[in-house]
Amino acid sequence: MAGIVGYGAYIPRYRIKVEEIAKVWGKDANSIKKGLNIQEKSVPAVDEDTITIATEAARNALSYAGIDPQGIGAVYVGSESHPYAVKPSAATVAEAINATPVMTAADYEFACKAGTAAIQTCMAMVDSNMVRYGLAIGADTSQGRPGDALEYTAAAGGAAYIIGKEDTIANIEATYSFTTDTPDFWRRAGQEYPRHGARFTGEPAYFKHVRSATEGLLEKGGYSLDEFDYVVFHQPNGKFPIRLAKRMGIPLEKLKVGLLTPMIGNTYSGATPLGLAAVLDIAKPGEMILATSFGSGAGSDSFAIRVTENIHKNERPVQMYASRTKYLSYGEYAKHRRKIRM
Amino acid sequence: MPHRKSLASIWRRIPQRYRGESTMCLNCGRHFFPPRHFCPYCRRKSKIAPYTISGRGKVMSYTVVHVAQEGFERQVPYVIAIVELEEGPKLTAQLCAVEPEDVRIGMPVEMSFRRISEDKDDGIIHYGYKFSPILSPKK
């Protein structure tokens, strides 16, 4: 059975507070903070992008797993902010970690769930003995149109997972996906910023898909919600995952560790992988983790993960990156995100 | 960036810029970075072999750049340092993830993977190493 051999996280150190953005657009910061349950978000440095974030996360994953990168037979990078429209991020990441050249690679895109789709592909390749190890990464430097509600949450970060069958630190016992054509959020080719259906992103999109995938996983695997010690839901804001947990009767205690959006924002393809990484940072052998991603457009991938006795200390935990902060003004942020043309 | 760089010259440097691949002389044990194909100390007795740097070192000296080279305007003020690698070679590199006022001589640093430059809006993005303060001891 395929499982996680190693994992690594990366979050840029820059932050911008909700107050700083709200001030520019004449909005009430407190009502936004309360409405979205978010305090601040991460911002990439001028010289960071999806490829550099994915590479740093992959290096941390390799360091954790202690495996020879030449054993990696597949590299998939999931993102909606690949630096190139045509030229694979995965090839650059694979080159940087010395996994090339005998391997396959591709970039994935499915709004916020491309990273978990990459994990599923690697699981299948490992289980079918096509590869010894697969590297699945979810990373983003997501875009929010100036003045749009997304500007308060669209953040940057990522996490990498080495999937294999030997010496797993956590076994992925079951996975289940739920996908439909739901136009809740999109970005057309050549457009700089995405558009979204505002409230339409809630009930018919996020809640329907995350809940359906999660319930499908429970039924398929014969699990009850009580068996899980931790739950990670995709977190486009700090409010949706809490609302869903309440509806499903999941104690908020189980959600807390993997809920990063209130402090770092929505890292899109990085969000569920980073939430899962934060849980793995503290999980003990035998504990069970439920993780369900969501990607607009729309779909969810749900995973039942059991931690093994091989779990060990992560030298670069998510919290270390989450607590490393340097605050930006809106002007500096606009410069960083190339909203100012030079 | 104003100039169209040669694709081949960027591509040739990928092993050294992405992974720190270089060479050493087996005769005298000296490590080089960037790679040399001849040991200037051993000359005829040179025995060149490949090696990959650990990526760790310390700041030997540095300067703060306020007037940027084209393509780096968004990053000023930034720090260019001479970094002495654990293996001995010294190299010039940009520091990242640190404010100029927090840089100290002797500060331990490690390689980070960053965008270095790009060939206008439609050209190749050039990736490579910069150095950042060590976050926590990696085992």
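Residues numbered from 1 in each chain as written. Chains lettered and ligands numbered in written order. Predicted model: local features only at pLDDT ≥ 70, side-chain atom pairs only at ≥ 80, totals over all residues. Heavy atoms only, no water.

## Let's talk about the overall build of chain A
Part 1 of the argument: What chain A contains, in helices and strands, is 12 helices and 14 strands.
Part 2 of the argument: At 18 Å, chain A has a C-alpha radius of gyration in line with the 20 Å of a compact globule built from 342 residues.
Part 3 of the argument: Counting only C-alpha atoms and orienting by the principal axes, one finds that chain A spans roughly 55 × 45 × 35 Å.
Part 4 of the argument: Burial statistics for chain A: of 342 residues in total, 62% are counted as buried.
Part 5 of the argument: Sequence separation of at least 24 residues holds for 79% of the intrachain contacts in chain A that already meet a minimum separation of 6.
Part 6 of the argument: Carbon and sulfur atoms make up 52% of the accessible area of chain A, which amounts to about 12,500 Å² in all.
Part 7 of the argument: Mean positive and mean negative side-chain charge positions of chain A (38 and 36 charges, respectively) differ by 7 Å. (Helix = DSSP H or I, 4+ residues; strand = E, 2+ residues; numbered from the N terminus. Rg over C-alpha atoms; globule rule 2.2 N^0.38 Å. Buried < 20%, exposed > 50% of the residue type's maximum accessible area, 1.4 Å probe, protein only. Contact = heavy atoms within 4.5 Å. Areas by Shrake-Rupley, 256 points an atom, 1.4 Å probe, with all protein chains shown as cover. Lys, Arg positive; Asp, Glu negative; His and termini not counted. Charge placed at Lys NZ, Arg CZ, Asp CG, Glu CD.)

## A few points about the overall build of chain B
Part 1 of the argument: If you tally the helices and strands in chain B, you get 2 helices and 8 strands.
Part 2 of the argument: The principal-axis extent of the C-alpha atoms belonging to chain B is close to 45 × 35 × 30 Å.
Part 3 of the argument: Counting the 139 residues in chain B, one finds 45% classified as buried.
Part 4 of the argument: Taking as baseline every contact in chain B between residues at least 6 positions apart, the subset at least 24 positions apart corresponds to 49%.
Part 5 of the argument: As displayed, chain B has an accessible area near 7,700 Å², and 52% of this comes from carbon and sulfur atoms.
Part 6 of the argument: Here chain B carries 23 positive and 14 negative side-chain charges, and the mean point of each set is 11 Å from the other.

## Examining a positive patch on the surface
Part 1 of the argument: Taken together, Lys34, Lys239, Arg243 and Lys246 of chain A make up a surface patch of like positive charges.
Part 2 of the argument: Tracing the chain through its elements places Lys34 of chain A in helix α2 (residues 29-36). (Patch = residues over 30% accessible without salt bridge, like charges linked within 9 Å, V, L, I, M, F, W, Y side chains within 5 Å. Salt bridge = Lys/Arg side-chain N within 4 Å of Asp/Glu carboxyl O.)

## Some remarks on the packing of helix α1 (residues 18-25) of chain A against α2 of chain A
Residue and element names in this part refer to chain A.
Part 1 of the argument: Put simply, α1 and α2 touch, their axes get as near as 9 Å, and they point 125° apart. Overall, the two elements α1 and α2 adopt an arrangement that is oblique. Handedness of the α1/α2 crossing: right-handed. Contacts between α1 and α2 pair Val18, Glu19 and Ala22 from the former with Ala29, Ile32 and Lys33 from the latter.
Part 2 of the argument: Residues that form the contact of α1 with α2 fall into these classes: 4 nonpolar, no polar and 2 charged. (Axes fitted to C-alpha atoms, helices over the stretch in contact; angles between N-to-C directions. Parallel < 35°, antiparallel > 145°, perpendicular 65-115°, else oblique. Left-handed = near helix turned anticlockwise from the far one by under 90°. Nonpolar A, V, L, I, M, F, W, Y, C, P; charged D, E, K, R; others polar.)

## A look at the interface of chain A and chain B
Part 1 of the argument: Taken together, the contacts link 34 residues of chain A with 31 residues of chain B.
Part 2 of the argument: When chain A packs against chain B, the two sides together hide about 2,800 Å² of surface, and 48% of this comes from carbon and sulfur.
Part 3 of the argument: Three residues, Asp47, Glu315 and Arg316 of chain A, lead the burial of chain A against chain B; their summed loss comes to 22% of the area buried on that side.
Part 4 of the argument: Where chain A touches chain B, the interface holds 9 salt bridges.
Part 5 of the argument: Elements that contribute at least two residues to the side of chain A that touches chain B include exactly α3 (50-65), α4 (89-96) and α11 (318-322) of chain A.
Part 6 of the argument: No other element matches the 7 residues that α3 of chain A contributes to the side of chain A that touches chain B.
Part 7 of the argument: Its residues placed into classes, the side of chain A that touches chain B shows 12 nonpolar, 7 polar and 15 charged. (Buried area = accessible area lost by both parts, 1.4 Å probe.)

## Some points on the pattern of salt bridges
Part 1 of the argument: Under the counting rule described, the total for this entry stands at 21 salt bridges over all chains.
Part 2 of the argument: Between Arg316 of chain A and Glu110 of chain B there is a salt bridge, and its shortest N-O distance comes to 3.1 Å. Note that Arg316 of chain A is positioned in the loop between β13 (297-307) and α11 and Glu110 of chain B in strand β7 (residues 108-118), a pairing that runs across two chains. By the burial criterion, Arg316 of chain A is buried, and Glu110 of chain B matches it.
Part 3 of the argument: Two residues, Arg338 of chain A and Glu118 of chain B, come together in a salt bridge whose shortest N-O distance is 3.3 Å. Here the residue Arg338 of chain A occupies a position in the segment after α12 (330-336), and Glu118 of chain B occupies one in strand β7, the pair thus bridging two chains.
Part 4 of the argument: When its relative accessible area of 16% is taken as the criterion, Glu118 of chain B is described as buried.

## Some thoughts on the packing of aromatic side chains
Part 1 of the argument: Counted according to the given criterion, the structure contains 17 aromatic pairs over all chains.
Part 2 of the argument: Judged by centre distance (5.1 Å) and plane angle (85°), the rings of Tyr206 of chain A and Phe207 of chain A are edge-to-face. By the burial criterion, Tyr206 of chain A is buried, and Phe207 of chain A matches it.
Part 3 of the argument: With a centroid separation of 4.9 Å and an interplanar angle of 50°, the aromatic rings of Phe207 of chain A and Phe240 of chain A are classed as tilted. Taken together, the residues Phe207 of chain A in helix α6 (residues 202-221) and Phe240 of chain A in helix α7 (residues 240-248) connect sequence positions 33 residues apart.
Part 4 of the argument: Here a set of aromatic residues connected by ring pairs shows up, and it is made of Tyr206, Phe207, Phe240 and Phe294 of chain A.
Part 5 of the argument: Here Arg30 of chain B stacks its cationic end above the ring of Tyr41 of chain B, 3.7 Å away from the centre of that ring. (Phe/Tyr/Trp six-rings, centres within 6.5 Å; stacked < 30°, edge-to-face > 60°. Lys NZ or Arg CZ within 6 Å of the ring centre and 35° of its normal.)

## Here we look at α6 of chain A
Residues and elements named next belong to chain A.
Part 1 of the argument: For α6, spanning 20 residues, the distance from its first C-alpha to its last is 27 Å, which sits close to the expected 28 Å at 1.5 Å a residue.
Part 2 of the argument: At Lys208, α6 shows its largest bend, some 35°.
Part 3 of the argument: Among the residues of α6, those classed as buried are Gly202, Ala205, Tyr206, Phe207, His209, Val210, Ala213, Thr214, Gly216, Leu217 and Leu218. (Expected span 1.5 Å × (residues − 1). Bend = angle between axes of the 7 residues up to and from the residue.)

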